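# Summary of structural features
Each chain, written out:
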Amino acid sequence: MESYALLIAATLNAGTVLAIASLGLLINEKAGIVNLGAEGMMLCAAIAGFAAVVHTGSDWLGFAAGMGAGALIALVFGLLVIWLNTNQYATGLAVSLFGAGFSAFAGIAYVQEKIPDRPSFQVPWLGDIPLVGPALFRHHPLVYLTVLFAIGLIWWLDRSRAGLVLRSVGESPESAHALGYPVRRIRLAAVVGGGALCGLAGAYISVVYTPLWVEGMVAGKGWIALALTTFATWRPARVLLGAYLFGGVTMLQFHLQGVGVEVPSQFLGMMPYVATIFVLALISRNPQWIRANMPASIGKPFYPGA
């Protein structure tokens with residue numbers, strides 16, 4: 001039973017990375033922008049967050065540095081695709097490639113560095129409950145804040161004026177522009193906010209999830225997060241559930257190895273990506289369902305006055 005508690009704990013930890021990044025990308029796509037540069041932003045944020053913690057000893061300053069790095073790269077991406085109308089997909093791929101190369105270069109000096117030991121986290125009293133405590137109540141506070149953020153995002157998108165304006169910009173930017181809303185500025189704000197969340201996910205990887213710096217340590221999580229937004233049909237609650245599902249698939253490989261199941265490590269390592277392809281293929285069987293939930297202007301440039 002203890003091994004299952006550890007598996008649940010690892011699933012929540014791994015799922016938090018995907019949830020934070022996916023929620024950021026969801027905000028982007030609700031505004032009609034597709035950002036394929038999540039992987040690169042997360043890598044740059046991972047080295048920025050790790051370096052900040054090495055020099056300051058503060059997790060939260062590391063998270064702030066990661067968010068700043070993600071937001072800055074997203075700002076450049078947003079200016080290119082929103083004001084200069086460059087192709088969103090090509091620009092996103094360029095950002096991803098840039099992030100991989102720049103993070104590798106900037107991280108050379110930090111390969112052997114270690115971050116200071118941090119106190120263990122647990123919810124008072126609840127963390128001492130046998131089995132349940134280790135599984136659910138001994139996580140970094142950001143794990144619980146991610147759940148609260150997802151709940152708040154549901155309310156914000158469906159009930160707040162700002163959330164409804166964001167959705168209208170994603171559904172029909174021409175109509176929003178005709179009503180006097182600054183479509184480009186709203187889209188840029190959404191892109192920068194989504195980039196900051198991707199940066200937070202990247203910093204979480206290097207500061208909490210695997211507290212070290214290794215080149216390419218994001219290991220495809222940015223692409224899985226991108227797929228999760230489609231898997232969840234652009235709904236925050238489903239993003240959260242999907243993130244924990246994929247986090248569980250990722251951690252299952254280590255659990256199986258721990259209990260002595262003799263399966264080639266290469267096969268177990270490819271399981272998260274196989275699961276991603278399988279789910280996307282399954283969803284794509286019903287294109288009408290996808291169109292019914294997908295923001296209508298996603299991936300399309302906006303030309304004021306056109």
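Further up the page is the structure itself.
Residues numbered from 1 in each chain as written. Predicted model: local features only at pLDDT ≥ 70, side-chain atom pairs only at ≥ 80, totals over all residues. Heavy atoms only, no water.

## A closer look at unusual backbone geometry
Rule in force here: Here a helix means four or more residues in a row that DSSP labels H or I, a strand means two or more in a row labelled E, and each is numbered from the N terminus. Between buried and exposed lies partly exposed: a residue is buried under 20% and exposed over 50% of the maximum accessible area for its type, with that area taken using a 1.4 Å probe on protein chains only.
Not every positive phi belongs to a glycine, and Asn-85 is a case in point at roughly 55°. If you trace the backbone, Asn-85 turns up in the loop between α3 (59–83) and α4 (88–106). The phi angle at Trp-125 is positive, at roughly 70°, despite the residue not being glycine. With respect to the element layout, Trp-125 can be found in the loop between α4 and α5 (132–136). With relative accessibility at 74%, the residue Trp-125 sits in the exposed group.

## Observations regarding a nonpolar patch on the surface
Condition: Like charges within 9 Å and nonpolar side chains (Val, Leu, Ile, Met, Phe, Trp, Tyr) within 5 Å are joined into patches, using only residues over 30% in relative accessible area that form no salt bridge. Surface accessibility follows the Shrake-Rupley procedure with a 1.4 Å probe radius. Residue values consider only the protein chains on display as shielding. One side-chain nitrogen of Lys or Arg within 4 Å of one carboxyl oxygen of Asp or Glu is enough to make a salt bridge.
Residues Leu-72, Leu-75, Val-76, Leu-79, Leu-80, Trp-83 and Leu-84 make up a contiguous nonpolar surface patch of roughly 620 Å² in combined accessible area. Along the chain, Leu-80 falls in helix α3. Here Leu-80 falls in the partly exposed class, since its relative accessible area comes to 30%.

## Some remarks on helix α6 (residues 141–159)
Worth spelling out the cut-off: For a helix, the expected span equals 1.5 Å multiplied by the number of residues minus one. As used here, the arc belongs to the directions running from the helix axis to the C-beta atoms.
Compared with an ideal rise of 1.5 Å per residue, which puts 19 residues at 27 Å, α6 spans 27 Å between its outermost C-alpha atoms and is within 8% of the ideal. All of the buried residues in α6 are Leu-142, Val-143, Thr-146, Ala-150, Leu-153 and Leu-157. Angular distribution of buried residues about the axis of α6 spans 100°; they occupy a single face of the element. Among the exposed residues of α6, those oriented more than 90 degrees off its buried face are Leu-148, Ile-151, Trp-155 and Arg-159.

## Points about the packing of aromatic side chains
For the record, the criterion: Note on ring pairs: Phe, Tyr and Trp rings are taken, using the six-membered ring of Trp, and paired if centres are within 6.5 Å. Classes follow the plane angle, with under 30 degrees stacked, over 60 edge-to-face and the rest tilted.
Going through the model one piece at a time under the given rule, you end up with three aromatic pairs. Here Phe-231 and Phe-246 contribute two aromatic rings whose centre-to-centre distance is 5.7 Å and whose plane-to-plane angle is 90°, an arrangement assigned as edge-to-face. Of the two residues, Phe-231 sits in helix α10 (residues 221–231) while Phe-246 sits in helix α11 (residues 236–258), which places them 15 residues apart along the sequence.

## Some words on the packing of helix α2 (residues 38–56) against α10
A pair of packed helices is captured by two measures, namely the crossing angle of their axes and the spacing between those axes. To be explicit about the condition: Between the N-to-C directions of two axes lies an angle of 0 to 180 degrees, each axis being a line fitted to C-alpha atoms and, for a helix, fitted only over the stretch in contact. The cut-offs work like this: below 35 degrees is roughly parallel, past 145 is roughly antiparallel, 65 to 115 is roughly perpendicular, and the gaps in between are oblique. Should the near helix be turned anticlockwise from the far one by less than a right angle, the crossing is left-handed, and should it be turned clockwise, the crossing is right-handed. Contact between two residues is taken to exist if any of their heavy atoms lie within 4.5 Å; hydrogens are not considered. Residues are grouped as follows: nonpolar covers Ala, Val, Leu, Ile, Met, Phe, Trp, Tyr, Cys and Pro; charged covers Asp, Glu, Lys and Arg; every other residue, Gly included, is treated as polar.
Put simply, α2 and α10 touch, their axes get as near as 7 Å, and they point 135° apart. The angle between α2 and α10 places the two elements in the oblique class. Considering the relative orientation of α2 and α10, their crossing is right-handed. The residues of α10 that touch α2, namely those facing Ala-38, Glu-39 and Met-42, are Lys-221, Gly-222 and Trp-223. Looking at the contact of α2 with α10 residue by residue, the class counts come to three nonpolar, one polar and two charged.

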